Amino acid sequence: MLGYYETQSLDPCFNLAFEEQLLETVRSGELLMLWQNDRTAVIGLNQNAAEEVDAEAAKRLGVTVVRRMTGGGAVYHDLGNLNYSFITDAGDAAELSFERFTAPVCAALGSLGVPAEATGRNDITVRGLKVSGTARRLYAGRILHHGTLLFRTDRETMSAVLRPDGSKFSGKAAKSVRARVGQICSFLPEGTTLEGFKAELLRALAPEGLERRSLDAAALREVERRAEKYRSWDWTWARSPDFGFKSSRRFPAGSLTVSLDVSGGVIRGAALSGDFLAAVPAGPLLEGLRGARFEREAVRKAVEGLDLANILGGIGLEELLSLIFD
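Computed from a prediction, not measured in an experiment: that's the story for all the values here. Here the residue index of a chain counts from 1 through its sequence in written order. Where local features are concerned, this predicted model is filtered to residues with pLDDT of at least 70; where side-chain atom pairs are given and counted, the filter is 80 or more; whole-chain, interface and lining totals use all residues. Calculation of side-chain values draws on the structure's entire complement of heavy atoms; hydrogens and water are dropped beforehand.

Break down unusual backbone geometry for me, citing the residues and quoting the values.
Positioned with a positive phi, Q8 is a non-glycine residue whose angle comes to about 60°. Helical segments are the DSSP runs of H or I of at least four residues, strand segments are the runs of E of at least two, and each set is numbered from the N terminus. Following the sequence through the fold, Q8 ends up in the loop between β1 (2–5) and α1 (12–25). A positive phi angle, near 50°, is found at R127, a position not held by glycine. Locating R127 in the fold gives a position in the loop between β8 (123–126) and β9 (129–139).

Here is the structure:
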């Protein structure tokens, strides 16, 4: 019988911490967790957050950005998406396969009339459309396998927040592979709600029944402590692998190329080139950029008091910020 947990929260940082708590402290048995996040861009453990997520769009649309503890690519969560997590004994790590966990999910979807199949490295698709991405983490002989189930997600917000093109960035960070996305609701009877789908999915995943469990007060306090990691800038942004950034544009005042070296989420080096009509050397601007976080408001604060009109020959602060961050 599966031990079953729900987090009773839509906070992505709390939910990821809850999942981590189960993986590291429940040392036996098979566990299932179903959970939802409010609007969130979730990046993989080894990804460059700045490359995968349009931070300005996320801020404008009220989308949280957070890094998870598993590898793989960036995904979008909202209340039209259902997340599942399996936690169990890993067994022989050399024989681990994604199919061990994707096969039951595909079978459950199939029993509901959704012709799902596992494809590629770690996706679940329906008639060629991706409806689930999965990832996993090993810890002390236990394995976490989790994934998304795109029931009826907001694809417009997803497209606005997840960057389709990382050509401005160079580095060793793992890059997401974009795929054509489908909606599970499209393959279910009209009028099927996410709550109805969730109930049917639970029955299909646990035909022998569920043992509903909850965390005690002490464990929940530990979840809150762990959640602070996921809320921190250091975890989500500074943990990004070192990367180079280069962006060029022609403005009415001339062409400008900005090249940056970023480490730990902070600009460590900067260079400018172009045919802009500079009246004074760019040294103060380059020094201002060095040491600033790779964030629009941090860069604005670092350089807004400089004589950019003469340094950049008429290219202004907003144009510079747009070149880097838009």
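So what about the sheet that holds strand β3 (residues 40–43)? Which residues, and what values?
Strands are treated as partners if at least two bridges between them are detected by DSSP. Here we have 3 strands laid out as an open sheet, ordered β4-β3-β5, and mixed in their pairing. The open sheet terminates on both sides in strands that have one partner only, identified here as β4 (64–67) and β5 (75–77). Going from strand to strand, the sheet's axes swing by 25° on average, the running direction of each strand aside. Both β3 and β5 contribute to a ladder of 3 bridges, which runs antiparallel. A fitted line through C-alpha atoms represents every axis, and for helices the fit uses only the stretch in contact; the resulting angles, taken between N-to-C directions, go from 0 to 180 degrees.

Give a detailed account of the packing of aromatic side chains, specifying residues and quantitative values.
Two rings belonging to Phe, Tyr or Trp (six-membered ring only in the last case) form a pair when the distance between their centres is within 6.5 Å. Interplanar angles under 30 degrees mark stacking, angles over 60 mark edge-to-face geometry, and anything in between is tilted. Within the structure shown, the criterion is met by 9 aromatic pairs. With 5.2 Å between their ring centres and 25° between their planes, F151 and F197 make a pair best called stacked. Placement of F151 in the loop between β10 (142–150) and α5 (155–161) and of F197 in helix α6 (residues 194–205) is noted, with a sequence separation of 46 residues between them. Each residue's exposure class comes from its accessible area (1.4 Å probe, protein chains only) as a fraction of the maximum for that residue type: buried when under 20%, exposed when over 50%, partly exposed otherwise. Overall, the relative accessible area of 1% leaves F197 in the buried class. Chaining the aromatic ring pairs together yields one cluster made of F243, F245, F294 and F325. By definition, being over a ring means that NZ of Lys or CZ of Arg is both within 6 Å of the ring centre and within 35 degrees of the ring normal. Its end group placed over the ring of F98, R136 keeps NZ or CZ at 4.3 Å from the ring centre. Over the ring of W235 we find K229; its NZ or CZ atom is 4.5 Å from the centre of that ring.

A description of the pattern of salt bridges should follow, citing residues and the corresponding values.
Salt bridge, as used here, is a side-chain nitrogen of Lys or Arg placed within 4 Å of a carboxyl oxygen of Asp or Glu. A complete count under the given rule lists 18 salt bridges for this structure. The partner of K229 in a salt bridge is E20, with the nearest N and O atoms 2.7 Å apart. Here K229, found in helix α7 (residues 217–231), pairs with E20, found in helix α1; they are 209 residues apart in sequence, far enough to count as distant. For K229, a relative accessible area of 29% puts it in the partly exposed group. Overall, E20 belongs to the buried group, its relative accessible area being 6%. Among the salt bridges present, the one from E222 reaches R226, with a minimum N-O distance of 3.6 Å. Of the two residues, E222 and R226 both sit in helix α7, 4 residues apart, roughly one turn of that helix. Judged by relative accessible area, which is 9%, R226 ranks as buried. Each of E20, E24, E222, R225, R226 and K229 takes part in salt bridges that share partners, so that together they form one network.

Hey, could you go over the pairing of strand β14 (residues 254–263) for me, with residue numbers and the actual values?
With respect to burial, β14 is a largely interior element, 7 of its 10 residues being buried. Taken together, the 9 bridges between strand β13 (residues 243–251) and β14 define a ladder with antiparallel strand orientation. Within the sheet, the bridge partner assigned to K246 lies in β14 and is S259. Where β14 lies against strand β15 (residues 266–273), 7 bridges are found, and the strand directions are antiparallel. Its bridge partner being in β15, S263 is matched across the sheet by V266. Hairpin connection from β14 to β15: 2 residues lie between these consecutive antiparallel strands, with G264 at a positive phi of about 60°.

An account of the packing of helix α10 (residues 296–303) against helix α12 (residues 317–325) is needed here, citing residue identities and associated values.
The N-to-C vectors of α10 and α12 enclose an angle of 145°; their axes lie 11 Å apart at closest approach. Taken as a pair, α10 and α12 cross one another with a handedness that is right-handed. Contacts from R296, V299, R300 and V303 in α10 reach L317, E318, L320, L321, S322 and F325 in α12. Class assignment for the residues of the contact of α10 with α12 results in 6 nonpolar, 1 polar and 3 charged. Each helix crossing is assigned a hand: it is left-handed if the near helix lies turned anticlockwise from the far helix by less than a right angle, otherwise right-handed if that turn is clockwise. For this analysis, residues touch if any pair of their heavy atoms sits within 4.5 Å. Each residue receives one of three labels: charged for Asp, Glu, Lys and Arg, nonpolar for Ala, Val, Leu, Ile, Met, Phe, Trp, Tyr, Cys and Pro, and polar for the others, Gly being one of them.

The quantities given are spatial measurements derived from coordinates; they are silent on function.
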